[in-house]
Amino acid sequence: LDPDGRLVEAPLPVPQSFLRRVQPVIDRIPGLTYSHAFAALLQVARSSGRAGDAAPTAAPATDDAQREQLTLRLLAELIASARSRGWPVIVLTSDAEPEVASRIESVALAESAAFVRMPAKSERPELYYRVDGHWNRDGHVEAAERLRGPIDRALQAAIDG
């Protein structure tokens, strides 16, 4: 963001970790990056002190507040872009602590988007895999139940035209 809060594209440094160098090979194996086994390998890499290989490099000279401000601004732009095309928008959080989810909800509602909050791992750990933090079966069921109403309303609005 520039000093006036406008989005400005800025290049990020490209990490030269082992995983980043082999990323093209990894991407050519269908389904590998979506597999539980691959996520477990990344978890092992993170826990063995090879976080540089497993995680992207943070943008230089930014703090958490700046990153969050950028995220919220990007969210507002994405919602506005979808709205300009007449697309319904439902914003769904995943593993966002209540205070962060509240700020995301404020942006969604300000942009006239529906908002659905999934509980964070700290609130409902039984909805998440321990290995990679993605929703497990129960997490997907919970998300589907929480999305049912907003999706029904969006579909009805589209039918009513």
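Residues numbered from 1 in each chain as written. Predicted model: local features only at pLDDT ≥ 70, side-chain atom pairs only at ≥ 80, totals over all residues. Heavy atoms only, no water.

Asks: Even after reading the chapter, I still don't get unusual backbone geometry, so can you show me in this structure?
Replies: Apart from glycine, the bulk of residues carry a negative phi angle, and the bulk of peptide bonds sit in the trans form. Non-glycine residue D95 carries a positive phi angle of around 55 degrees. Here D95 shows up in the loop between β1 (90-93) and α5 (98-110). Classification of D95 as partly exposed rests on a relative accessible area of 30%. Although it is not a glycine, S112 adopts a positive phi angle of roughly 60 degrees. Considering the arrangement of structural elements, one finds S112 in the loop between α5 and β2 (114-117). (Helix = DSSP H or I, 4+ residues; strand = E, 2+ residues; numbered from the N terminus. Buried < 20%, exposed > 50% of the residue type's maximum accessible area, 1.4 Å probe, protein only.)

Asks: Looking at this model, I keep getting lost on the packing of aromatic side chains. Mind explaining?
Replies: Pairs of aromatic rings are described using the distance from one ring centre to the other and the angle between the two planes. For the structure shown, the criterion picks out zero aromatic pairs. Stacked on the ring of W87, the Lys or Arg R85 has its end atom at 5.6 Å from the ring centre. (Phe/Tyr/Trp six-rings, centres within 6.5 Å; stacked < 30°, edge-to-face > 60°. Lys NZ or Arg CZ within 6 Å of the ring centre and 35° of its normal.)

Asks: I keep staring at the pairing of β1 and nothing clicks. Help me out?
Replies: Along a regular strand, successive side chains alternate from one face of the sheet to the other. Residues V91 and T93 point to one face of β1 and are all buried, whereas I90 and L92, pointing to the other face, are not buried. As judged from the four bridges shared by β1 and β2, these two strands associate in the parallel manner. Residue pairing across strands places V91 opposite F115, the latter belonging to β2. What joins β1 to β2 is α5, and the crossover it makes is right-handed. (Pairing = 2+ DSSP bridges. Right-handed = clockwise from strand over helix to strand, strands pointing away.)

Asks: Can you walk me through a nonpolar patch on the surface in this structure?
Replies: Together, L1, L7, L70 and L74 make up a nonpolar patch on the protein surface, roughly 280 Å² of accessible area in all. With respect to the helices and strands, L7 occurs in the segment before α1 (18-27). What makes L7 partly exposed here is its relative accessible area of 34%. (Patch = residues over 30% accessible without salt bridge, like charges linked within 9 Å, V, L, I, M, F, W, Y side chains within 5 Å. Areas by Shrake-Rupley, 256 points an atom, 1.4 Å probe, with all protein chains shown as cover. Salt bridge = Lys/Arg side-chain N within 4 Å of Asp/Glu carboxyl O.)

Spatial relationships are all this shows, so hold off on functional conclusions.
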